[in-house]
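Single-letter residue listing:
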Amino acid sequence: MGVRVRYAPSPTGFQHIGSVRTALYNYLYARRQGGTFVLRIEDTDRKRLVPEALQDIYDTFSWLGFRWTEGPDAGGPFAPYVQSERLPLYQEHAQRLIDEGKAYRCYCTAERLEGLRKQQEAGESADPSAQGYDRHCRSLPESERRSLEAAGTSSVVRLAVPLDGTTSYTDALLGDITVENSSISPDPVLIKSDGFPTYHLAFAVDDHFMEITHVMRGQEWLPSAPVHFLIYRAFGWNPPVFCHLPTIMGKDGHKLSKRLGATSVRDFRAQGYLPDALLNCIAMVGWSFDGERELFTLKELEELFTLEKLNKSPGVFDYQKLEWFNGMYIRAKSRAELAALIAPFMKQAGLPADDPRVLEGVAGLVQERIKVLAEAPAMVRFLFEEPPAPAAADLLPKKGEPAGTAAALRKLDALLPELEELSAEQSEARLRGLAEELGMKLGDLLMPLRVAVTGSKVSPPLVESIKVMGAAEARRRAARAIAILENR
């Protein structure tokens, strides 16, 4: 049997950096090994379901540009791939464990469990060292069980964790791990009172019947791993190979979370990050090829990814590094490609977004300057909306005076129609010639025109901006500036 891996998100929130990295590493490993990548929707936590979250899973990976071989929308030999559609399978296997004395029904009420928790927190329980469930129902007399069942008492199914001994397993990244059974969370729930399984049971049953060979998931699951291996042991199944991926940290050394900034993919997309940049950055959080190379296409990652190059220590997701990646990918686009990417952001900002010629002109102006696509509209708004009239003082170059600056602007104004038709090199030569003729530095000559046309002393390239807006509009703004200087 070939390699089979899965990504099993719970639709209780939007896809974020950690979940995408898990999916990406599973996908890359399957591709490198010529295996199968499965999407399974783990929707058994009914109280926390978010209606938009399932669609967000599909939208996210469609945008990122990689997908699964088998899944709810792709089909496959082990369907259904949605856990809420597999309930009889979980209930059947929970009952099997009960029948074999490896699990039991627990009838404790929520009130009793809450009281137990408070007692333990206050140090008032019979065993001060005990934490968690006290196994009250594990040894109930059969007569009492029958009585509770006859009364229709609500119950859950709990795993009977061994009271002594150890549980050992080998992690593909972390090596051999042994845990004292006495330290494992006491008798975790397998089937909830609503009949739905918990993650512990559902994932083990599904991975077994879907023939998953490798489970790659975050290290936050390490505390639960012994329980999962006990479940495999209870069924007599061979577990898949487990690989617990390094924790993702923020640059400040804390675990990445929403309080540290936008971590959902939809947030990054809305800000104008490119999928290639986000994938490249995420791939490097916990994996490296040779410690030096950083830029990889998805296809290259498919060819190079191996578990041996994973890092054991936490990986850092650096937003500044992501901006660097994004800038690199933006600058690698053709003008036509960048224009198409910018168009939705222009439209959202209320700026023209339908003329390909104008958009390509905008792309040329911002390509070397923006870090994210969302920065483009503000940078070029002056092309479409006349900026407020500048103060005379803002039009004056250093040591300049109104009359001389107005005269220089008139010379420039007369030159604008000609510049509209010249190449960048030809335009620069004409402007340098005019600056020499007037005995001015080129920067001092252009500064008043830049302020007049763009409303700022800092802007995208001036001549290219004039070509996009048109010489006629630029001359109108120059004339307004000349009038301001002359009427000072």
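Residues numbered from 1 in each chain as written. Predicted model: local features only at pLDDT ≥ 70, side-chain atom pairs only at ≥ 80, totals over all residues. Heavy atoms only, no water.

## Overview of unusual backbone geometry
Negative phi is the rule for most residues except glycine; trans is the rule for most peptide bonds.
Argument step 1. Omega for the peptide link from A79 to P80 comes to 0°, which places this bond in the cis form.
Argument step 2. A positive phi angle, near 60°, is found at R135, a position not held by glycine.
Argument step 3. Inspection of the secondary structure assignment puts R135 in the loop between α4 (110-121) and α5 (142-150).
Argument step 4. Overall, R135 belongs to the partly exposed group, its relative accessible area being 23%.
Argument step 5. One non-glycine residue, K399, lies in positive phi territory at about 65°.
Argument step 6. As for its placement among the helices and strands, K399 is situated in the loop between α15 (392-395) and α16 (402-421).
Argument step 7. Judged by relative accessible area, which is 82%, K399 ranks as exposed. (Helix = DSSP H or I, 4+ residues; strand = E, 2+ residues; numbered from the N terminus. Buried < 20%, exposed > 50% of the residue type's maximum accessible area, 1.4 Å probe, protein only.)

## Here's the deal with the pattern of salt bridges
Argument step 1. Tallied over the full model, the rule gives 33 salt bridges.
Argument step 2. Here E486 makes a salt bridge to R410, at a shortest N to O gap of 2.9 Å. Here E486 is found in helix α20 (residues 471-486), whereas its partner R410 is found in helix α16, with 76 residues between them in sequence.
Argument step 3. By relative accessible area, E486 is classed as partly exposed at 46%.
Argument step 4. Under the relative-accessibility criterion, R410 is labelled partly exposed at 46%.
Argument step 5. Notably, a salt bridge pairs E418 with R430, separated by 2.8 Å at the nearest N-O pair. With E418 in helix α16 and R430 in helix α17 (residues 424-438), this residue pair connects regions lying twelve residues apart in the sequence.
Argument step 6. In this structure E418 comes out as partly exposed when scored by relative accessible area, which is 35%.
Argument step 7. Via salt bridges that share partners, R6, R40, E42, R86, D206 and D207 belong to a single interconnected network. (Salt bridge = Lys/Arg side-chain N within 4 Å of Asp/Glu carboxyl O.)

## Quick look at the sheet that holds strand β7 (residues 189-191)
Note: strands within a sheet are paired through backbone hydrogen bonds, in either parallel or antiparallel orientation.
Argument step 1. The three strands are arranged β3-β4-β7 in an open sheet whose pairing can be described as antiparallel. Here the strands that pair on one side only, and so sit at the sheet edges, are β3 (103-106) and β7. This sheet shows a mean twist of 45° between the axes of neighbouring strands, independent of strand direction.
Argument step 2. Where helix α3 (residues 87-99) meets the sheet, its contacts fall on β3, β4 (156-159) and β7, and the angle it forms with β3 comes to roughly 105°. (Pairing = 2+ DSSP bridges. Axes fitted to C-alpha atoms, helices over the stretch in contact; angles between N-to-C directions. Contact = heavy atoms within 4.5 Å.)

## Re helix α12 (residues 335-348)
Argument step 1. The terminal C-alpha atoms of α12, which comprises 14 residues, lie 20 Å apart, in line with the 20 Å expected from a rise of 1.5 Å per residue.
Argument step 2. For α12, the principal kink sits at I342 and spans about 35°; a proline, P344, occurs within the next four residues.
Argument step 3. Regarding α12, the residues found buried are L338, A339, I342, A343, F345 and M346.
Argument step 4. The elements touched by buried residues of α12 are α8 (265-271), α11 (319-332), α13 (356-366) and α14 (376-380).
Argument step 5. With its phi angle positive at about 80°, G350 sits one or two positions after the end of α12. (Expected span 1.5 Å × (residues − 1). Bend = angle between axes of the 7 residues up to and from the residue.)

## Here we look at the side chain of D43
Argument step 1. For D43, the location among the structural elements is in the loop between β2 (36-39) and α2 (53-64).
Argument step 2. Take D43: its relative accessible area is 8%, and that puts it in the buried class.
Argument step 3. In this structure the side chain of D43 is engaged in a polar contact, spanning 3.5 Å, whose partner is the backbone nitrogen of Q83.
Argument step 4. Dropping the residues within four chain positions of it, D43 is found in contact with P11, L49, V82, Q83 and S84. (Polar contact = N/O pair within 3.5 Å; in protein donor to acceptor, adjacent residues only side chain to side chain.)

## Thoughts on the nonpolar core
Argument step 1. Within the largest apolar cluster, 106 residues are counted, with the highest numbers of intra-cluster contacts made by F37, F61, F66, L278, L310, F317 and L449.
Argument step 2. Apart from the residues within four sequence positions on either side, F66 is in contact with A23, L24, Y27, F37, F61, L279 and L298.
Argument step 3. Counting 37 residues, the second largest nonpolar core, distinct from the first, contains F78, Y90, F203 and F235. (Core = buried A, V, L, I, M, F, W, Y, C linked by side-chain atoms within 4.5 Å.)

## Concerning the environment of S143
Argument step 1. In this structure, S143 sits in helix α5.
Argument step 2. Sequence separation of S143 and G35 is 108 residues, and the distance between their C-alpha atoms is 52 Å.

## Digging into a nonpolar patch on the surface
Argument step 1. Taken together, the side chains of L295, W324 and M328 make up a nonpolar region of the molecular surface, amounting to roughly 250 Å² of accessible area.
Argument step 2. Take W324: it is sitting in helix α11. (Patch = residues over 30% accessible without salt bridge, like charges linked within 9 Å, V, L, I, M, F, W, Y side chains within 5 Å. Areas by Shrake-Rupley, 256 points an atom, 1.4 Å probe, with all protein chains shown as cover.)

## Topic: the pairing of strand β8 (residues 214-218)
Argument step 1. Most of β8 is tucked away, with five of its five residues classed as buried.
Argument step 2. Where β8 and strand β9 (residues 241-245) come together, five bridges link them in parallel fashion. What sits directly across from G218, in β9, is L245.
Argument step 3. Crossover β8 to β9 through helix α7 (residues 225-235) is right-handed. (Right-handed = clockwise from strand over helix to strand, strands pointing away.)

## What to know about the packing of aromatic side chains
Argument step 1. Summed over all chains, the structure comprises 24 aromatic pairs.
Argument step 2. Relative to F66, the ring of Y27 lies with its centre 4.8 Å away and its plane at 40°, an arrangement referred to as tilted. Of the two residues, Y27 sits in helix α1 (residues 17-33) while F66 sits in the loop between α2 and α3, which places them 39 residues apart along the sequence. Neither residue differs from the other here; Y27 and F66 are each classed as buried.
Argument step 3. Ring centres of F203 and Y232 lie 6.3 Å apart, and the angle between their planes is 80°; this geometry places the pair in the edge-to-face category. One end of the pair, F203, is in helix α6 (residues 199-209); the other, Y232, is in helix α7, and 29 residues separate them in sequence.
Argument step 4. Taking relative accessible area as the criterion, Y232 reaches 1% and is therefore assigned buried.
Argument step 5. An aromatic cluster of at least three residues, connected via ring pairs, comprises Y7, Y27, F37, Y58, F61, F66 and W68.
Argument step 6. Across the ring face of F14, the terminal group of R266 is positioned such that the distance to the ring centre comes to 3.7 Å. (Phe/Tyr/Trp six-rings, centres within 6.5 Å; stacked < 30°, edge-to-face > 60°. Lys NZ or Arg CZ within 6 Å of the ring centre and 35° of its normal.)

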